[in-house]
Amino acid sequence: MDSQKIADELSAVRSCHPLVHHITNTVTINDCANITLCTGAAPVMAAALEEAGEMAAMAGALVLNIGTLSSAQVESMLIAGKAANACGIPIILDPVGAGATAMRTEACERLLAELNIAVLKGNAGEIGVLAGAGGEVRGVDSAGCAGDLAAVAAACARKYGTVVVMTGPEDYISDGERTFVVGNGNPLMARLSGTGCMTASVVGAFAAAGTDLVVSSVAACAAFGRAGERAAAQARGPYSFRTALFDEMANLMEEDLAAHADVKKADTI
Amino acid sequence: MDSQKIADELSAVRSCHPLVHHITNTVTINDCANITLCTGAAPVMAAALEEAGEMAAMAGALVLNIGTLSSAQVESMLIAGKAANACGIPIILDPVGAGATAMRTEACERLLAELNIAVLKGNAGEIGVLAGAGGEVRGVDSAGCAGDLAAVAAACARKYGTVVVMTGPEDYISDGERTFVVGNGNPLMARLSGTGCMTASVVGAFAAAGTDLVVSSVAACAAFGRAGERAAAQARGPYSFRTALFDEMANLMEEDLAAHADVKKADTI
Amino acid sequence: MDSQKIADELSAVRSCHPLVHHITNTVTINDCANITLCTGAAPVMAAALEEAGEMAAMAGALVLNIGTLSSAQVESMLIAGKAANACGIPIILDPVGAGATAMRTEACERLLAELNIAVLKGNAGEIGVLAGAGGEVRGVDSAGCAGDLAAVAAACARKYGTVVVMTGPEDYISDGERTFVVGNGNPLMARLSGTGCMTASVVGAFAAAGTDLVVSSVAACAAFGRAGERAAAQARGPYSFRTALFDEMANLMEEDLAAHADVKKADTI
């Protein structure tokens, strides 16, 4: 994929400044709000049944994250999701901990069945579980996934008719036909709570501003990963890394992203 | 307003170390707790119906913020608010996103009708909506307000019989008769989630320690804005700004505030 | 207690990388997740009735914190706690604000009666209230405790048949027979929201990896306090202290802890 195209996706987010509605967990909700702002978009969080749909209908993207789900929250997600679908607003689903408990796996399957999900973003364990490809999840962390990761991402995308973003040391983005691998990022991102959730927010901001969900998702992963690379150079540990990660996302230059985006077409056999 | 008077309000917070009870949103609740501490007060958050009133009755101020409201939370706010009113404890209402959804606007109107709100603190869009003066709100951000801002703040104060704090590049504080404009602050404050919510916590701490709600609210805005000015000088982006903002609020010297408070009487026509 | 033994407890956490399940408050939930990661363990938060027990059963420790409790959350804690007890998984209870409201005191008494709590970690006011020894609590802060603190900690441990960790300028750890005092720490820890909650997470991580709950709790307090000492040397205020605290916890060397752990046997009369 052309690096300039990736940088152009970042420019698009910053010029259209989309509203990104979240129904998300209480652990990383502040991180999601701030990374959305640093990406150049505007966050809003509204989960009450009475307003979830109304807020979704005015947003540019809707991010659903089941990190601390409840049965009431799943109902809010369905209301907001149906409103988003009715308006053609892309929905990003982050299936946090799918495979760890029955409730989480079932909630994801229900959301994937009843809503038109634009992008499903999870770690290798979560995507492997949902693909039926032998993923393993421990708490909210991936405990691995059997088989070729690019192939699992592509199979999962075909199974659900969605774009899949499978995060990890390398990120795999696939719509079932086109599959890309993004190499940007730094191991410190895994030592901080919330980087997975933040990826979904960034993917949401890019989805709201872009036109091709594979391209926008690749660009989102490359941009966030590139911010992580730049932040790691300044970090003395996970928390000074965190400060630098938000700063670098806000300051990321299109020229820097065009020069350093590490994106390849994946060989899915 | 005399600058020394403003600095004295900060001294009063630090010597009486008031307890500030919050019923607030899940996005910025940690920011509110920490800025309350950095201001020199003690935060507590307790929203359960069973204890919201009991906790409010022992506090020096009560901050209500509808950023992620639910119908159950509105009930808690009414219980806590009635307990605060019965004890003469000032209530600060932050009408986050009023005007964006019907639920938010209606919740604010109900809280303003059933409780005696001491200070209503919102952005120009929110205050404009509640004043019936053509405010516009997108998500939780102001999308502008028609007319002269000082006049809208004063009209809103008269309509609800409260002190209004309208935040923005300049903050307008009015009780309907006296109106002041505070120029302290920095544009980085708008690039960070939660600075509006934090303003309400700071206003609450100052209200608990002060005697005149216009004076204490002016001082709160000047102090928090001055901390923002000092923090901006050290920031490389929104998150290093955030670290510096809390540090500077904790370290703010009364002498510095007296020398740099930028407060004028507003001309409300 | 032998300093090398304390350092060995830290090594044990890092090699077994235990999963620490939390049902906790919305104020400091992110701090708890990140300090768990920085300690070398893996955090998970899951409070839904449908999954709280299932998640607890796969964890190495369960941390219950009533900082923003609701009646529904107490039910989740009982479900998760019974699952943990059935599997022999240690439960850490943080009785935030016990004594401040009737609901908090009663919730703690119920959790202590119906569950087998391994470690009860609170400030002097909270432990004093639960021990029936004249503790006082203002909001969520200790307002003091009559009598000798080591003796109160030991009496509370005997009353509930648990290990007690009483935090403050000095931490007292007791099982009713053995009582230790840990001198590590820095006054900046009290100027930041969440350091008490984080202590419970660290105690949970150490409990999951250790074999003797007194030893593991002493080591947890010494390690976290030592990180605080190192962080204070770099801080310009409470928030730069916070950044450094997480970094230092992640970077803490076993050698440094062995050299600087300040642990003594307490004289409980």
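Note that the structure is a prediction, hence the values are computed from the model and not measured. (Residues numbered from 1 in each chain as written. Chains lettered and ligands numbered in written order. Predicted model: local features only at pLDDT ≥ 70, side-chain atom pairs only at ≥ 80, totals over all residues. Heavy atoms only, no water.)

## What about the confidence of the model for chain A?
When the pLDDT values of chain A are averaged, the result is 96; 99% of them are 70 or greater. Scored as a whole, the predicted complex attains pTM 0.97, and scored at its interfaces, ipTM 0.96. (pLDDT = per-residue confidence, 0-100.)

## Comments concerning the interface of chain A and chain B
Chain A puts 30 residues into the contact, and the matching count from chain B is 28 residues. Interface area lost by chain A to chain B is led by Asn30(A), Glu51(A) and Asp247(A), which between them contribute 21%. For the interface between chain A and chain B, the tally reads one salt bridge. Of the charged contacts, one joins Arg104(B) and Glu51(A) as a salt bridge, the two residues approaching to 2.8 Å between their closest N and O atoms. (Contact = heavy atoms within 4.5 Å. Buried area = accessible area lost by both parts, 1.4 Å probe. Salt bridge = Lys/Arg side-chain N within 4 Å of Asp/Glu carboxyl O.)

## Description of the relation of the copies chain A and chain B
Superposition record for chain A on chain B: RMSD 0.0 Å, screw rotation 120 degrees, translation along axis 0.0 Å. When the rotation and shift are considered jointly, the pair of chain copies conforms to a three-fold rotation axis. No C-alpha of chain A approaches the rotation axis more nearly than that of Thr26(A), which lies at 3.7 Å. Interface residue correspondence from chain A to chain B reaches only 13%, placing this contact among heterologous pairings that use different surfaces. (Least-squares fit on C-alpha atoms with pLDDT ≥ 70 in both.)

## What about the packing of aromatic side chains?
Within the structure shown, the criterion is met by three aromatic pairs over all chains. Centre to centre, the rings of Tyr239(A) and Phe246(C) are 3.8 Å apart; their planes meet at 10 degrees, and the pair counts as stacked. Within this pair, whereas Tyr239(A) is found in helix α10 (residues 238-251), its partner Phe246(C) is found in helix α10 (residues 238-251), the two belonging to separate chains. Given a relative accessible area of 2%, Tyr239(A) falls into the buried group. Given the relative accessible area of 0%, Phe246(C) is considered buried. (Phe/Tyr/Trp six-rings, centres within 6.5 Å; stacked < 30°, edge-to-face > 60°. Helix = DSSP H or I, 4+ residues; strand = E, 2+ residues; numbered from the N terminus. Buried < 20%, exposed > 50% of the residue type's maximum accessible area, 1.4 Å probe, protein only.)

## Section: the packing of helix α4 (residues 71-87) of chain C against helix α5 (residues 102-114) of chain C
Residue and element names in this part refer to chain C. With their axes 11 Å apart at the nearest point, α4 and α5 run at an angle of 15 degrees to one another. Here α4 lies roughly parallel to α5, going by the angle between them. The way α4 lies across α5 gives a crossing that is right-handed. Here Ser-71, Val-74, Glu-75, Met-77, Leu-78 and Lys-82 of α4 lie close against α5, whose contacting residues are Met-103, Ala-107, Arg-110, Leu-111 and Glu-114. (Axes fitted to C-alpha atoms, helices over the stretch in contact; angles between N-to-C directions. Parallel < 35°, antiparallel > 145°, perpendicular 65-115°, else oblique. Left-handed = near helix turned anticlockwise from the far one by under 90°.)

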